[in-house]
Amino acid sequence: MRRVFVLCAAILAGGCSAVYSPVPLGDKPVNIEGERGEWEGTWMHADGAMTVKVMDGPNGVLKVGWIEDKQDDLKHETASVFLRNGAGWTFASIRPQDETNENRYVWARIEKKARLAILWGPDVKKFKALVQDGRLPGEVDGSDVVLGSLTSNHLALIASETNGVLFYWDEPFVLIKSGK
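Each value, and the rule that gives it
- Residues numbered from 1 in each chain as written.
- Predicted model: local features only at pLDDT ≥ 70, side-chain atom pairs only at ≥ 80, totals over all residues.
- Heavy atoms only, no water.
- Phe/Tyr/Trp six-rings, centres within 6.5 Å; stacked < 30°, edge-to-face > 60°.
- Helix = DSSP H or I, 4+ residues; strand = E, 2+ residues; numbered from the N terminus.
- Buried < 20%, exposed > 50% of the residue type's maximum accessible area, 1.4 Å probe, protein only.
- Lys NZ or Arg CZ within 6 Å of the ring centre and 35° of its normal.
- Polar contact = N/O pair within 3.5 Å; in protein donor to acceptor, adjacent residues only side chain to side chain.
- Patch = residues over 30% accessible without salt bridge, like charges linked within 9 Å, V, L, I, M, F, W, Y side chains within 5 Å.
- Areas by Shrake-Rupley, 256 points an atom, 1.4 Å probe, with all protein chains shown as cover.
- Salt bridge = Lys/Arg side-chain N within 4 Å of Asp/Glu carboxyl O.
- Contact = heavy atoms within 4.5 Å.
- Core = buried A, V, L, I, M, F, W, Y, C linked by side-chain atoms within 4.5 Å.
- Lys, Arg positive; Asp, Glu negative; His and termini not counted.

Caption draft 1: Main features of the packing of aromatic side chains. Tallied over the full model, the rule gives 10 aromatic pairs. Ring centres 5.5 Å apart and planes at 80° place the aromatic pair Trp107 and Phe127 in the edge-to-face group. In this pair, Trp107 is assigned in strand S8 (residues 105–113) and Phe127 in helix H3 (residues 124–132), connecting sequence segments 20 residues apart. Residue Trp107 is classed as buried on the basis of its relative accessible area of 0%. Overall, the relative accessible area of 0% leaves Phe127 in the buried class. Connected via pairs of aromatic rings, a cluster forms that spans Trp89, Phe91, Trp107, Trp120, Phe127, Phe167 and Trp169. The lysine or arginine in question, Arg109, covers the ring of Trp89, its NZ or CZ lying 3.8 Å from the ring centre. Cation over ring: Lys112 sits above Trp39, and NZ or CZ is 5.2 Å from the ring centre.

Caption draft 2: Local environment of the environment of Tyr168. Looking at the secondary structure, you find Tyr168 in the loop between helix H4 (152–159) and strand S12 (173–177). What makes Tyr168 buried here is its relative accessible area of 14%. Distance from Tyr168 to Gly121, taken between C-alpha atoms, is 5.8 Å for residues 47 residues apart in sequence. Within the structure, the side chain of Tyr168 is placed 3.3 Å from the backbone nitrogen of Val124, a separation counted as a polar contact.

Caption draft 3: Region of the structure containing a nonpolar patch on the surface. Where nonpolar side chains cluster on the molecular surface, the patch consists of Met44, Leu116, Val174 and Ile176 and spans about 300 Å² of accessible area. The topology assignment puts Val174 in strand S12. Taking relative accessible area as the criterion, Val174 reaches 33% and is therefore assigned partly exposed.

Caption draft 4: H4, seen in detail. Here H4 has its buried residues at His154, Leu155, Leu157, Ile158 and Ala159. Turning to H4, the residues buried within the fold contact strand S6 (73–86), strand S7 (89–94) and H3.

Caption draft 5: Examining the side chain of Ser93 more closely. Of note, Ser93 is situated in strand S7. What makes Ser93 buried here is its relative accessible area of 0%. A polar contact is formed between the side chain of Ser93 and the backbone nitrogen of Leu25, at a distance of 2.9 Å.

Caption draft 6: The pattern of salt bridges, seen in detail. All chains considered together, the criterion is met by eight salt bridges. Between Lys112 and Glu38 there is a salt bridge, with the nearest N and O atoms lying 3.3 Å from each other. Residue Lys112 is found in strand S8, and its partner Glu38 is found in helix H2 (residues 36–39); the two are separated by 74 residues along the sequence. Lys53 is the salt-bridge partner of Glu40, the closest N and O atoms lying 3.7 Å from each other. Remark: Lys53 occurs in strand S4 (residues 48–56) and Glu40 occurs in the loop between H2 and strand S3 (41–45); sequence separation between them is 13 residues. In the salt-bridge network here, residues are joined through shared partners; they are Glu33, Arg36, Glu40 and Lys53.

Caption draft 7: Examining the nonpolar core more closely. Judged by nonpolar contacts, the single largest core of 25 residues is most densely connected at Leu62 and Leu83. Broken down by secondary-structure element, the contributors of at least two residues to this core are S4, strand S5 (61–70), S6, S7, S8, strand S9 (116–120) and S12. Discounting chain neighbours no more than four positions away, the residues touching Leu83 are Lys28, Pro29, Val30, Ile32, Trp39, Asn59, Gly60, Leu62, Phe91, Ala92 and Ile110. Formed by 20 residues, the second largest nonpolar core is a distinct cluster that contains Trp89, Leu130, Val131 and Val145.

Caption draft 8: Structural context of the side chain of Asp123. Mapped onto the secondary structure, Asp123 falls in the loop between S9 and H3. For the buried residue Asp123, which engages in no salt bridge, the nearest side chain bearing the opposite charge is Lys126, 4.2 Å off. Looking at Asp123, its side chain comes within polar contact range of the main-chain nitrogen of Lys125, at 3.1 Å. Excluding residues within four positions of it along the chain, Asp123 makes contact with Leu166, Phe167 and Tyr168.

Right under this line is the structure:
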């Protein structure tokens, strides 16, 4: 169920590596107030299910909850998800519970259509190369990439295909909303 917690951004990379952002990724919050009913409810995925509640519609803040199997016990887990727009895309960001640095968010591109939400995690190797080349601000921290403050131009670079697809396009995390 850990895939749910980090919005697939780290696990879709095929390991524990991640691309972090110091703030929720994107230029501005997505106003989902008018879509509250479309977001709230139970969402199914390959590893189980999670419940979503809109906490702050105008600022695109969701609360996600699920049950985690931990050492022969069940534990209820929750996390806040921040939806932001940038360069024509929507990004979902979350701060991992086990992350001690409050300025580290994992993130993914998200597309939601009706009862389907698809998330693509960033390709760590490709972001590492862009940071090392100075095209994106940030630093490489072991196997992780920690982005610096991104401008609209940086977001446009991320959304463009001028450097190839920067996401694990072939390995999306798919959520299907149950019920109506």
